[in-house]
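Fold and contact review
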Amino acid sequence: MELYKQRLLYPSLSRRRWVWETNKILDMKIPDNVATFITNTFDRLSFEVVSALVVLSCFGASADISLIQVLEKEIEQPLIAPLDDAVAHSVLGKRNGKFYFMHDKLQEAAYSKMKPEERCLHHNRYGLALGFVAVRERDDRLLLTAVTQINQGGPQAVIDDEQAVVVANLNLDSGKKAMYMSDFFAAHSFFDHGISYLRLRREHWNEHYDLSLELFNLAAKCAFMNAEHDSLKMLTDQIMHNAKCFEDKFQAISVTVTLLNWSGNVPAAVELIRTTLSSLDEELPLAVTPTVVKKHLDNTKKQLALLTDDTLLSYLTMVDPSKLFAVQLLVK
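A few points on the structure. Note that the coordinates shown come from a computational prediction; the quantities given were computed from them, not determined experimentally.

Concerning the pairing of strand 4 (residues 92–95)
Two strands pair when backbone bridges link them, and strand 4 and strand 5 (residues 98–101) are joined in this way by four bridges, in the antiparallel orientation. Looking at the pairing, Lys94 lines up with Phe99 of strand 5. Hairpin connection of strand 4 to strand 5: two residues between the antiparallel strands, including Asn96 at a positive phi of 55 degrees.

Here it is, written out as structure tokens:
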């Protein structure tokens, strides 16, 4: 490509073949490595083009043109025109609605133009700019892209506690959407990142209790689905330690019982169910024998025989959370 640009290799219409300047090519100084060669290419580009390439490099090897258009408007920096110039210089390609680097080394070279300590700030800035648009326009796809970009910046890029809570909430929303798509690995990553932003404050369980509880509960569900048992135990331990009331421990207890059952530790699952039901003032028989089971079934049948269908249908739905949870445990 570089030989073509310098007219040292070009097609000849008269000869109907490629021709080249052998002596000039031999006199060229060959760079020690590809990175140096690419850097020389960048040096011939304008500052505006290089700046746009740096922005694009934060999104990986390629990015949708529509996304770049949104970002250009939000950060008030020329992007589309400079990237089109980069296409003309064969640094980028443009196809199927995307800008893409012609080689991964080109993307790496653009990314290296940022100081290592500043990269997190760039990711954070672009992610937040896109995130606010995604929330405003209810664009789920853009939201996932935006939050992924924010998370590449990490907690070290957050400027204050208020922004940390905003980002934690964005991760919560993104995780829920990933769960809806049954992508529990991505969801767990979003919830885990959300927790990492909250942990910038030691008192997050007191200051942002509802957000903390929801992030930990959903992360525990994903850890269970992903068979990440060590992570699950750590999350449920945190919930059990910090939950303000017994009802807020229900999800953690439920997923732990299921895990114990699935892992074959049925006695431990039964014991956890027994102690939990006892806390709810619901006692299990000390010994469950066929005789005891028959006694309870006969008693239930007698009570139901006294009620008509209309009477049963007229009963209100159970709403007591403790009773509902007790039923859930008994089903397990």
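Right, picking up where we left off after that structure.
Section: the side chain of His123
Tracing the sequence through the fold places His123 in helix 8 (residues 116–137). Under the relative-accessibility criterion, His123 is labelled buried at 2%. Residues within four places of His123 in sequence aside, it is in contact with Cys58, Tyr111, Gln149, Ile150, Gln152 and Gly153.

What about unusual backbone geometry?
One non-glycine residue, Ser182, lies in the positive phi region at around 65 degrees. Inspection of the secondary structure assignment puts Ser182 in the loop between helix 10 (161–180) and helix 11 (184–198). With a phi angle near 60 degrees, Ala227 is a residue other than glycine that sits in the positive phi range. Relative to the helices and strands, Ala227 is located in the loop between helix 13 (209–225) and helix 14 (229–242). When its relative accessible area of 51% is taken as the criterion, Ala227 is described as exposed.

Quick look at the pattern of salt bridges
Where charged atoms of side chains with opposite charge meet at close range, the side chains can pair. If you walk through the whole model with that rule in mind, you get 12 salt bridges. Between Lys105 and Glu108 there is a salt bridge; the shortest N-O distance is 3.5 Å. Residue Lys105 and its partner Glu108 are located together in helix 7 (residues 104–111), separated by three residues, close to a single helical turn. A residue is classified by how much of its surface remains accessible, and Glu108, at 40% relative accessible area, is partly exposed. Note that Arg201 and Glu207 form a salt bridge whose closest N and O atoms lie 2.8 Å from each other. When its relative accessible area of 35% is taken as the criterion, Arg201 is described as partly exposed.

Details of the sheet that holds strand 4
Spatially, the three strands line up as an open sheet ordered 3-5-4, and their pairing is antiparallel. Every other strand in the sheet has two partners, leaving strand 3 (62–64) and strand 4 as the edge strands with one partner each. On average, adjacent strands in this sheet sit at an angle of 20 degrees to one another, irrespective of strand direction. Along the sheet face, helix 5 (residues 65–75) touches strand 3, strand 4 and strand 5 and points at about 75 degrees away from the line of strand 3.

With respect to the environment of Asn151
Tracing the backbone shows Asn151 in helix 9 (residues 140–153). Linking Asn151 and Asn171, residues 20 residues apart in sequence, is a C-alpha distance of 8.7 Å. Residues contacting Asn151, with those up to four places away along its chain left out, are Asn171, Phe190, His193 and Tyr197.

Focus on a nonpolar patch on the surface
There is a patch of nonpolar side chains on the surface, built from Met318, Leu324, Val327 and Val331 and spanning about 350 Å² of accessible area. Locating Leu324 in the fold gives a position in helix 19 (residues 321–331). For Leu324, a relative accessible area of 34% translates into the label partly exposed.

Re the nonpolar core
Generally speaking, soluble globular proteins have nonpolar side chains that are buried together. Membership of the largest hydrophobic core comes to 75 residues, with the highest contact counts inside it found for Leu53, Phe59, Ile68, Leu71 and Phe191. At 11 residues, the largest contribution of residues to this core is made by helix 13. When sequence neighbours within four positions are dropped, the list of residues in contact with Phe59 reads Leu67, Leu71, Tyr126, Leu130 and Gln149. Listed in part, the 11 residues of the second largest apolar core include Val257, Ile273, Leu277 and Phe325.

Remarks on the packing of helix 16 (residues 266–279) against helix 19
Their axes nearest at 10 Å, the elements helix 16 and helix 19 cross at an angle of 160 degrees. When the axes of helix 16 and helix 19 are compared, the pair comes out roughly antiparallel. Here the hand of the crossing between helix 16 and helix 19 comes out left-handed. From helix 16, Ile273, Thr276 and Leu277 reach across to helix 19, where they touch Phe325, Ala326, Leu329 and Leu330. Tallied by class, residues from the contact of helix 16 with helix 19 come to six nonpolar, one polar and no charged.

A word on the environment of Arg199
Within the element layout of this structure, Arg199 appears in the loop between helix 11 and helix 12 (204–207). Those residues in contact with Arg199 that sit more than four places away from it in its chain are His204, Phe216 and Met234.

Calculation criteria
Every chain is numbered on its own, with residues counted from 1 as its sequence reads. Where local features are concerned, this predicted model is filtered to residues with pLDDT of at least 70; where side-chain atom pairs are given and counted, the filter is 80 or more; whole-chain, interface and lining totals use all residues. Water and hydrogen atoms play no part in the side-chain values, which are based on all heavy atoms of the structure. Strands qualify as paired when DSSP identifies two bridges or more between them. Secondary structure elements follow DSSP: runs of H or I no shorter than four residues count as helices, runs of E no shorter than two count as strands, and numbering proceeds from the N terminus. Any residue under 20% of the maximum accessible area for its type is buried, any over 50% is exposed, and the rest in between are partly exposed; the area is computed with a 1.4 Å probe on protein chains only. The contact rule is simple, with two residues in contact once any of their heavy atoms fall within 4.5 Å. Each reported salt bridge corresponds to a side-chain nitrogen of Lys or Arg within 4 Å of a carboxyl oxygen of Asp or Glu. Angular values range over 0 to 180 degrees, each being the angle between N-to-C directions of two axes fitted as lines to C-alpha atoms, with helices fitted over their stretch in contact. Note on patches: the residues involved have over 30% relative accessible area and no salt bridge, like charges join within 9 Å, and the nonpolar side chains Val, Leu, Ile, Met, Phe, Trp and Tyr join within 5 Å. Areas reported as accessible are Shrake-Rupley estimates using a 1.4 Å probe. Residue values count occlusion only from the protein chains shown. Put simply, buried Ala, Val, Leu, Ile, Met, Phe, Trp, Tyr and Cys residues joined by side-chain atoms within 4.5 Å make one nonpolar core. In these notes the angle categories are as follows: under 35 degrees is roughly parallel, over 145 is roughly antiparallel, 65 to 115 is roughly perpendicular, and the rest is oblique. Left-handed describes a crossing whose near helix is turned anticlockwise from the far helix by less than a right angle; the clockwise case is right-handed. For this classification, Asp, Glu, Lys and Arg are treated as charged, while Ala, Val, Leu, Ile, Met, Phe, Trp, Tyr, Cys and Pro are nonpolar and the rest, including Gly, are polar.

This is a description of form; function is not addressed.
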